[in-house]
Amino acid sequence: MLKKQVLSIFRAKRLALVWGLSLLAGCTYRREIVITPMHPVGINQSTKRPSPVHYHYPKGYRPPAVVAIFQIRLPIGTFSNNKKIWKILHPAVGSRGAIALLHANGIRAGQAKIPAWHKIYQLLHHVSGATTSTSYCQTSGLSKLLITVRKDIRRELIFYHRFNGPPALRSYHNCDNIFVLAMHINLQTKSTVVELQPAVNIGTVSFRRGPQAMGLTAGTHPDLHSFAHLQITTDIPPGRFLVLCPWHARRHPFSMGAQFLSDTTHIPPRQTILIMVPLAR
């Protein structure tokens, strides 16, 4: 009964979102839902093929992309260490070097067609106490969005690997761990091009420009330490979804993936599964 109620709410919210897409300017909806078990991603995907629509875009125009972002929190290792799940998912980035760098930093990424989530769900339906938070976001790549995955961190150490040079260790305090998101639609393939970059938000910076300055003359913006070398750039074709999760969080507790996508202080320790589902246009 609870599962049916949650799915009914989700369908209603998504329908309202579709009608209001033209009004979106960023992350416009967020709701914390506690369910046992978690609802399948893409449960409301229609099997009916949409009618083709032809647009004449100006040269260089990037159509905005809209995605649903799910953060599913589960007991640590439940998802990331399940070999059956990772037989269903395919690598999300192309080069072996990029995959190896992500793994070295404790991050695992994969893609699959939306119906595949139901197979994954069957492997996880016995897990109790899962929490799911949902955001709907839009951007055309001209602006970036901040996705917070851990907040109000008093102190943390992050040990990370780079393409060149030795590994590095950084210390932060009173911060949030985030992913900086930029995305747009590829006109040729109709895929959603996603760029995700991990960063630590260590506060805000105030700025003020002179009286002759154009545009915004004063305000504040986040003070970010970004890990540009770990940017994930990938295409999500229509009808597919992208997954990120921590990799060997217990074995490497100070890795990027462990610090961003797990919480070992929670009892029991938990991991965050970040799922991005492009919405049909």
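Residues numbered from 1 in each chain as written. Predicted model: local features only at pLDDT ≥ 70, side-chain atom pairs only at ≥ 80, totals over all residues. Heavy atoms only, no water.

Draft legend 1. Region of interest: the packing of aromatic side chains. All chains considered together, the criterion is met by 4 aromatic pairs. Summarising the aromatic geometry, the rings of Phe 79 and Trp 86 are spaced 6.0 Å apart at their centres and angled 85° between planes, so their arrangement reads as edge-to-face. Taking the centre distance of 5.0 Å and the plane angle of 75° together, the rings of Tyr 160 and Phe 227 count as edge-to-face. Here Phe 227 lies in the loop between β9 (218-226) and β10 (232-236) and Tyr 160 lies in strand β6 (residues 145-160), a separation of 67 residues in the sequence. (Phe/Tyr/Trp six-rings, centres within 6.5 Å; stacked < 30°, edge-to-face > 60°. Helix = DSSP H or I, 4+ residues; strand = E, 2+ residues; numbered from the N terminus.)

Draft legend 2. How the structure looks around the side chain of Gln 271. Topologically, Gln 271 is positioned in strand β13 (residues 270-278). For Gln 271, a relative accessible area of 1% translates into the label buried. Separated by 2.9 Å, the side chains of Gln 271 and Ser 80 make a polar contact. Ignoring any residue separated from it by four or fewer positions in sequence, one finds Gln 271 in contact with Ile 72, Arg 73, Leu 74, Pro 75, Ile 76, Gly 77, Thr 78, Phe 79, Ser 80, Pro 246, Leu 261 and Ser 262. (Buried < 20%, exposed > 50% of the residue type's maximum accessible area, 1.4 Å probe, protein only. Polar contact = N/O pair within 3.5 Å; in protein donor to acceptor, adjacent residues only side chain to side chain. Contact = heavy atoms within 4.5 Å.)

Draft legend 3. Quick peek at the side chain of Glu 156. Relative to the assigned elements, Glu 156 resides in strand β6. One buried charged side chain, Glu 156, makes no salt bridge at all; its nearest oppositely charged neighbour is Arg 150, positioned 4.3 Å away. A distance of 3.0 Å separates a polar atom in the side chain of Glu 156 from a polar atom in the side chain of Asn 177. Setting aside anything within four residues of it in sequence, one finds Glu 156 in contact with Arg 150, Arg 170, Ser 171, Tyr 172, Cys 175, Asn 177, Val 200 and Gln 259. (Lys, Arg positive; Asp, Glu negative; His and termini not counted. Salt bridge = Lys/Arg side-chain N within 4 Å of Asp/Glu carboxyl O.)

Draft legend 4. Broad picture of helix α4 (residues 116-124). By the burial criterion, the buried members of α4 are Ala 116, Trp 117, Ile 120, Tyr 121 and Leu 124. Within α4, the buried residues cover an arc of 145° as seen down the axis, which keeps them to one side. (Arc of directions from axis to C-beta.)

Draft legend 5. The arrangement of the confidence of the model for the protein chain in detail. When pLDDT is averaged across the protein chain, the result is 78; 72% of the residues are at 70 or more. Looking across the protein chain, the model is least confident in strand β1 (residues 29-34), with a mean pLDDT of 38, and most confident in helix α5 (residues 256-261), with 96. Confidence over residues 1-37 falls short of pLDDT 50; this stretch has 61 contacts with residues more than four positions distant or in other chains. Across residues 42-47, confidence stays below pLDDT 50; counting only partners more than four residues off in sequence or on other chains, it has 11 contacts. (pLDDT = per-residue confidence, 0-100.)

Draft legend 6. Quick peek at the pairing of β13. Among the 9 residues of β13, 9 are classified as buried, and the element is accordingly described as predominantly covered. Of the two faces of β13, the one lined by Arg 270, Thr 272, Leu 274, Met 276 and Pro 278 and the one lined by Gln 271, Ile 273, Ile 275 and Val 277 are each fully buried. Here 3 bridges tie strand β11 (residues 240-246) to β13, and the two strands are oriented antiparallel to one another. Among the inter-strand pairings, Leu 242 is bridged to a residue of β13, identified as Met 276. As paired strands, strand β12 (residues 262-263) and β13 are joined by 2 bridges and run antiparallel to one another. Across the sheet, the residue bridging to Asp 263 is Arg 270, located in β13. Between β12 and β13, which pair antiparallel one after the other, the connecting turn spans 6 residues. (Pairing = 2+ DSSP bridges.)

Draft legend 7. Molecular detail of the environment of Val 93. Mapping Val 93 onto the fold places it in the loop between β3 (90-91) and α3 (96-104). Sequence separation between Val 93 and Thr 233 is 140 residues; the distance between their C-alpha atoms is 7.1 Å. When neighbours within four sequence positions are excluded, Val 93 is seen to be in contact with Ala 98, Ile 99, Leu 102, Ile 232 and Thr 233.

Draft legend 8. Expanded view of the environment of Gln 111. Following the sequence through the fold, Gln 111 ends up in strand β4 (residues 107-113). The class for Gln 111 is buried, based on a relative accessible area of 6%. Taking the C-alpha atoms as reference, Gln 111 lies 9.9 Å from Thr 234; in sequence the two are 123 residues apart. Beyond its immediate sequence surroundings of up to four residues, Gln 111 is in contact with Ile 88, Leu 89, His 90, Ala 92, Thr 234, Asp 235, Ile 236, Pro 237, Arg 240, Phe 241 and Leu 242. Looking at Gln 111, its side chain comes within polar contact range of the side chain of Arg 240, at 3.3 Å.

Draft legend 9. Molecular detail of the nonpolar core. Core analysis: the largest hydrophobic core is formed by 37 residues, its most contacted members being Phe 179, Leu 181, Leu 196, Phe 227, Leu 244 and Phe 260. With 7 residues, the single largest contributor to this core is strand β7 (residues 168-185). With sequence-adjacent residues up to four places away left out, Phe 179 is seen in contact with Leu 145, Leu 146, Ile 147, Val 149, Leu 196, Gln 197, Pro 198, Leu 244, Phe 260, Leu 261 and Leu 274. Counting residues in hydrophobic clusters, the runner-up holds 27 residues, among them Val 66, Ile 88, Trp 117 and Val 277. (Core = buried A, V, L, I, M, F, W, Y, C linked by side-chain atoms within 4.5 Å.)

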